[in-house]
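Each chain, letter by letter, is given below.
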Amino acid sequence: MKNLHPTFIFVAFLFCFSVVRPAIVAHDVDSTQQLPLQKQLRQLRQLNKQHEYDRVIEVASTLINQASKKGENGFLFHGYNYLSLTYDQLSDTIPALDYAEKALHYAKLSKNDTLISWGLNNLAASLSYFPDRRSDALKLYKESLVIQRRLNSNQFNDAALNIAEIYRDEENYTMMYPYLKEAQKSYKSDTLRYDDPKAYLDILWGDYYRGLDFNNKALSYYHSAYDIIERFEMSYLALNFYNKYAQFLAENNRPEAAYEVHQKYFDYYQNKELTKTKETVQLAQARLEAEELRRERNDAELKQEILDQDLKRKKTQSVLLGSIIGLMVLFLAYLFYSEKLRLGLIRNLKVNNKHLKQAKESAERSERAKTKFFSNLSHEMRTPLYGVTGIVALLEKSEAFKEYKEEIGSLKFSADHLLEIINDLLDLSKLEDESFKFIEKPFNLKLLAEELANSFDQNSLKNSDCKIICDVDSSIPNYVVGDSRRISQILLNILGNAVKFTPKGVIALRLRSNHLANGKHAIYFEVEDNGIGIPAAMHKSIFDEFSQIDHVNTVNKGTGLGLPIVRKLLLKMGSDIHLVSAPGKGSTFSFTITFKEATLLEVIGKRKKGEAEEEEVLTDLTNQRILIVDDNKINRMVTRRVLEKQHAQVFEAQNGEEALERVRKHHFDLILMDINMPGMNGYETTKEIRVFDKTIPIIALTAAEANYIKQKAKESGMNDVITKPYNLSQFSKVIAKELKKDSLLGAGL
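Counting restarts for each chain: residues are numbered from 1 in the order of the written sequence. Owing to the predicted nature of the model, reporting of local features is limited to residues with pLDDT of at least 70; listing and counting of side-chain atom pairs is limited to 80 or more, with chain, interface and lining totals taken over all residues. Where side-chain values are given, they derive from all heavy atoms of the structure, hydrogens and water being excluded.

**Q** How should the packing of aromatic side chains be read in this particular structure?
**A** Between two aromatic rings, the relevant description is the distance of the centres plus the angle of the planes. Aromatic pairs are defined between Phe, Tyr and Trp rings, using the six-membered ring for Trp, whenever the two ring centres lie within 6.5 Å; interplanar angles under 30 degrees are classed as stacked, those over 60 as edge-to-face, and all others as tilted. Tallied over the entire structure, the rule returns 27 aromatic pairs. Their ring planes at 50 degrees and their centres at 5.7 Å tell us that tyrosine 226 and tyrosine 245 sit as a pair that is tilted. Taken as a pair, tyrosine 226 in helix H12 (residues 215-232) and tyrosine 245 in helix H13 (residues 235-251) lie far apart in primary sequence, 19 residues in all. Throughout, exposure labels follow a simple rule: accessible area from a 1.4 Å probe, protein chains only, divided by the maximum for the residue type, with under 20% read as buried, over 50% as exposed, and the rest as partly exposed. The exposure class assigned to tyrosine 226 is buried, which follows from its relative accessible area of 8%. Taken together through their ring pairs, the aromatic side chains of Tyr173, Tyr177, Trp205, Tyr208, Tyr209, Phe214 and Tyr221 make up a single cluster. Helical segments are the DSSP runs of H or I of at least four residues, strand segments are the runs of E of at least two, and each set is numbered from the N terminus.

**Q** Explain H13 here, please?
**A** For an α-helix, the turn length of 3.6 residues means that residues three or four places apart are oriented alike. Given a rise of 1.5 Å per residue, 17 residues ought to cover 24 Å, and the 24 Å separating the end C-alpha atoms of H13 matches this to within 8%. Bend is computed residue by residue as the angle between axes fitted to the seven residues ending at the residue and the seven residues starting at it. Where H13 bends most, the angle comes to about 40 degrees, and this point is phenylalanine 241. Listing the buried residues of H13 in full gives Tyr236, Leu237, Ala238, Phe241, Tyr242, Tyr245, Ala246, Phe248 and Leu249. Asparagine 253 sits one or two positions beyond H13 and adopts a positive phi of about 60 degrees. Each residue after the first adds 1.5 Å to the expected span of a helix.

**Q** What should I look at first to understand the confidence of the model for the chain in this one?
**A** Interpretation of the predicted coordinates at a detailed level should be avoided for regions scoring low in pLDDT. Scored by pLDDT, the chain comes out at a mean of 79, with 75% of its residues at no less than 70. Confidence scores labelled pLDDT are given residue by residue by the predictor and lie between 0 and 100. Contacts were defined at the residue level, with two residues in contact if any of their heavy atoms lie within 4.5 Å. This stretch, residues 1-31, has a pLDDT under 50; its non-local contacts, to residues over four places away or in other chains, come to 94 contacts.

**Q** Hey, could you run me through unusual backbone geometry in this one?
**A** Trans is the common state for peptide bonds, and a negative phi is the common state for residues other than glycine. With phi around 65 degrees, aspartate 213 is a residue other than glycine that occupies positive phi space. Mapping aspartate 213 onto the fold places it in the loop between helix H11 (198-211) and H12. Note on aspartate 213: relative accessible area 62%, which makes it exposed. Of note in this structure, asparagine 518 is not a glycine but carries a positive phi near 60 degrees.

**Q** Explain empty space enclosed by the protein here, please?
**A** To find the voids left in a structure, one rolls a probe of water-molecule size over its atoms. Method remark: on a 1 Å grid restricted to protein atoms, a set of points is classed as a cavity if a 1.4 Å probe fits but cannot get out and as a pocket if it is open with protein on both sides within 12 Å along at least five of seven lines; lining residues have an atom within 4 Å of a point. Grid points are joined across faces, edges and corners, and a volume is the space filled by probe spheres set on the points. Taken as a whole, this structure holds one cavity of 30 Å³ or more when the rule is applied. In this model, the largest cavity occupies a volume close to 60 Å³. Lining the largest cavity are ten residues, with Asn497, Phe501, Asp529, Ile534 and Ser587 sitting closest to its centre. Among the elements of the structure, helix H17 (484-500) and strand S7 (587-597) are those that each provide at least two residues to the lining of the largest cavity. Amino acids outside the nonpolar list (Ala, Val, Leu, Ile, Met, Phe, Trp, Tyr, Cys, Pro) and the charged list (Asp, Glu, Lys, Arg) are all regarded as polar, and Gly is one of them. Across the lining of the largest cavity, the residue classes break down as six nonpolar, three polar and one charged.

**Q** What am I meant to see in the packing of H12 against H13 here?
**A** Any two packed helices are characterised by how steeply their axes cross, that is the angle between the axes, and by the distance between the axes. Every axis in this analysis is a line fitted to C-alpha atoms, fitted for helices over the stretch in contact. Angles between the N-to-C directions lie between 0 and 180 degrees. Two elements in contact, H12 and H13, have axes whose closest approach is 11 Å; the angle formed by their N-to-C orientations is 145 degrees. Between H12 and H13 the crossing geometry is left-handed. Here Asn215, Ala218, Leu219, Tyr222, His223, Ala225, Tyr226, Ile229 and Glu230 of H12 lie close against H13, whose contacting residues are Leu237, Ala238, Phe241, Tyr242, Lys244, Tyr245, Phe248 and Leu249. Two helices crossing with the near one rotated counterclockwise from the far one by less than a right angle form a left-handed crossing, whereas a clockwise rotation gives a right-handed crossing.

**Q** Would you mind showing me how to read the pattern of salt bridges here?
**A** Note on pairing: side chains with opposite charge can pair once their charged atoms come close. A pairing counts as a salt bridge when a side-chain nitrogen of Lys or Arg comes within 4 Å of a carboxyl oxygen of Asp or Glu. If you walk through the whole model with that rule in mind, you get 26 salt bridges. Linking glutamate 230 and lysine 264 is a salt bridge whose minimum nitrogen-to-oxygen distance equals 3.4 Å. Note that glutamate 230 is positioned in helix H12 and lysine 264 in helix H14 (residues 255-396), a separation of 34 residues in sequence. Note on glutamate 230: relative accessible area 23%, which makes it partly exposed. Classification of lysine 264 as partly exposed rests on a relative accessible area of 30%. Glutamate 738 is paired through a salt bridge with lysine 737; the nearest N and O atoms lie 4.0 Å apart. Classification of lysine 737 as partly exposed rests on a relative accessible area of 30%.

Pasting the structure below:
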């Protein structure tokens, strides 16, 4: 703890570093320079203990000079560290800090974790003298503590003690406690060969309990520290502690003890003042002698270097002259050759640039064609699928077809599966678009994971020998902020993949959390199965588009789109997927995503919004006149049936022209407008209607992906977009919302 006494840390590690032998205290400079580095280091320790500061600076300077010539980074660390400690003991903080930084530099060059730990600790202690650098000191102490924990060398964790002291000075007793506890745990009196650190521990424990107003405990620890200081005559620690201790005794009605401690403090203070002048003279003398030694060594080295350089110059002049002539000839030849080569490279570069430009234009055309293809494919497949899913939904709720419930369920499952494939194709295209964004909202992660597992049990695993286990750790926060739809998509794809290749066995979905700063959590997801496994050669290729596992005995291998979509989504989230698998040993897919924990206000706001939407879903459409504009007869029939079940009055138009005529002659409360129709399409029809009717709600009903048409629909005058095949609940919500808006406008609100 350098704030209490700077020699404590360094004396500690020196006793652990070397065997104690009789110190060499000769004052002859030449003899000192001849000593081996290890002996000089032991001499430094002894001189420092005897407070012979001038000799410490002299020997440390010699050690640095010799260690530098031999490239001994470890001894360079010790030399600079002793200089830092010496100036620190003499209260000269600026050079102390400078030498501490140099010591840490050489500790890192030595790649010795123990030296690095000491260097970090001592530099932090020097920084702690400067109030504006205390945060830097705290950071260095923590780095040192990390190394000490890793070394686990049965030594005292002085870094933990220093961290506790900084938090004590900030009156942050909550943060102080764990570090003080850690330092206490590492204290083993039988393994220490230097000043007992228990005094430091007892003082800090006393400060801790004093800060919490446990005065009796504080007095107990202060008294223990006082006994140790007196027993070992720790004058440096008494000067820092006794005045505070005496004041505390007086505050707790113990005037006699306070007087005794204050007298001790006064004795130590007087003794310090007597030695202060001597130390100041020693420091000045040490600086002069060290500078003189360095000057003499530098002069001798400079003279020798001049002689050596003169000899080398004479030997090399003739060689250099011949070399220069030869190089000039080679250079001229090289210039001729390089010019010829340059002209050839320029020609090749022009040809390659032309080819690259053509390839770029071709790739851009291909990408545009691909996007257009997926959009058209989506529309062409969703349009008939809308009729299928709509009719199935109607039949499912019809009493007349109750006996065919299982067959209708199978048909619905097949239609939903086909829709998933279409969505996968679209997602693959959208993920390559830079405009792709996540929708960040609060959601219940635990509930989402459990519902996903239950949905497989109720559907995909109904007639299977496979079982899904959901293991969500209690450390997972209930509500996090993120894109729940994309998280569901990732887990559904991985779980679906596991189900396909685990004909009989167990699939485990596990979630674990690691709490980070600023209310964030790193959530670890893992899906493990004991299925057929994946060969190592395919661990990378299965994440490629349309890739499948060959030579497996499964009926449904899938489209090869699920895992590529998963990986692209995770990469956009700043994560990646990891696979551990082998044939016959099952597979484990894992990834980690960082979420922000949702605040109570965010969760409450989300629930209130959900409640309001639920009310809109239940809105009765009685007496509401709704016009369906669609060129597909089946689609009109399905939409009509859905609306009639909500008691709406439904009217139809099979093209834009017929819709215009009906709207001009009759009143409608809402129009459902198909986009792609022969003749006048939905955009054109809407623009014509807006010429004479600005207020009637018009909702686009399209099989194309909504994100691609929302802007165009808004520009044409439409109010909203519903994508076919739609979710009945969402369909009803959108209609109810627009009717409610129209009624408020009609009321003049």
